[in-house]
Amino acid sequence: MTGKTNLKNLTLPALELFLQGKGKERFRATQIFKWIYQHNAHSFEEMSNISKDLRAELAETAFISDLEPEAVEEGSDGTRKYLFALSDGNAVEAVLIPDEGRNTLCISSQAGCAMGCEFCLTGTFMLTRNLTTAEIINQIMAVRREFDIRNIVMMGMGEPLHNLDNVIPAIQIMIDGNGLQFSNRRVTVSTCGLVPEMERLGREVPTVNLAVSLNATTDELRDRIMPVNRRYPLRELLRACKEFPLPGRRKVTFEYVMLGGLNDTLEDAKRLLRLTSDIPNKVNLIPFNEHEGCDLTAPTRAAVDAFHKYLIDRHVTVITRDSRGGDISAACGQLKGRLKK
């Protein structure tokens, strides 16, 4: 495939430019784009409303990539975990979380991660490389062959904002009416808090949802468990959240992984409320999922309930996330780690 252009790396405007360079009409780009994303075409041969000559020409200079899962695990609650082997031997994971008619797919944006958050298993793999736009999109397309997907969350392996050059075109393909046709209300990008990149995301795709992995209410603790905080401390991060251009009545989601004895007290809940009160937000409480090689512990049920109640009583929208797929190496990276062993 060397030298050939992978069309799944191109947004519709980029595909138009690619074809223009070959002297072709713009509308051909829309036709090809629809074949790829709405008819799941794997080859130019399938594109029956495109002339044989153009199909032959495309086959010489371009190709349509694909991903097949290397392994799939299904949990007792219906959660499915997919491991995808990439062409260079790297592997990434995607997780399908079923919900009556509203399946959510959690996808990866990097092989490994450079952020080094203490509670995160993916961080132990270090960053190998960024995924291409095509590799991000192909996770969705592989799972969508079997299941209807309503929501996309970029919360799998890697820090999406560390790979914006590929993540932004991938989002544009997801929400394109000629592409994967996801409603922008149903695409969420998660970050550990890369402030300049949050600003760029807000400029270039202002329509998607933002989730921020907060996890601590003091700089001292956040510096310790999330090294990114040393570069962009809480004050800067929260300012960027406040300025993020969310359309309509949408809210920033604050993800808060609850760690036993570290960030799960009522004092933490009070500080969380104070820090975020001037930002339209909802809070996702995530009880920590213990895993090998990490000394952090899960919070008690009582601590989670008290934290949740404190926020709810003060009119914060709070969801305590059930641990989904606990019986199938659910935290991102566990399946990959097991298969490596």
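Structure: above.
Residues numbered from 1 in each chain as written. Predicted model: local features only at pLDDT ≥ 70, side-chain atom pairs only at ≥ 80, totals over all residues. Heavy atoms only, no water.

The next subject is the packing of helix α10 (residues 266-276) against helix α11 (residues 301-313). Two elements in contact, α10 and α11, have axes separated by 9 Å at closest approach and are oriented at 30 degrees. As the angle between them shows, α10 and α11 are arranged roughly parallel. For the pair α10 and α11, the sense of crossing is right-handed. Each of Leu266, Asp268, Ala269, Lys270, Leu272 and Leu273 in α10 lies in contact with α11, whose residues at this interface are Ala306, Phe307, Tyr310 and Leu311. Classifying every residue of the contact of α10 with α11 gives eight nonpolar, no polar and two charged. (Axes fitted to C-alpha atoms, helices over the stretch in contact; angles between N-to-C directions. Helix = DSSP H or I, 4+ residues; strand = E, 2+ residues; numbered from the N terminus. Parallel < 35°, antiparallel > 145°, perpendicular 65-115°, else oblique. Left-handed = near helix turned anticlockwise from the far one by under 90°. Contact = heavy atoms within 4.5 Å. Nonpolar A, V, L, I, M, F, W, Y, C, P; charged D, E, K, R; others polar.)

For any two aromatic rings, the description comes down to two numbers: the centre-to-centre distance and the angle of the planes. Applying the stated criterion to the full structure yields three aromatic pairs. Taking the centre distance of 6.2 Å and the plane angle of 10 degrees together, the rings of Tyr82 and Phe84 count as stacked. With respect to class, Tyr82 is no different from Phe84; both count as buried. Arranged with centres 5.2 Å apart and planes meeting at 35 degrees, the rings of Tyr256 and Phe307 form a pair that is tilted. Of the two residues, Tyr256 is situated in strand β12 (residues 252-258) and Phe307 in helix α11; the sequence distance between them amounts to 51 residues. On the basis of relative accessibility, which here comes to 1%, the residue Tyr256 falls in the buried class. When its relative accessible area of 0% is taken as the criterion, Phe307 is described as buried. The aromatic ring of Tyr310 is capped on one face by Arg314, whose charged end is 3.8 Å from the ring centroid. (Phe/Tyr/Trp six-rings, centres within 6.5 Å; stacked < 30°, edge-to-face > 60°. Buried < 20%, exposed > 50% of the residue type's maximum accessible area, 1.4 Å probe, protein only. Lys NZ or Arg CZ within 6 Å of the ring centre and 35° of its normal.)

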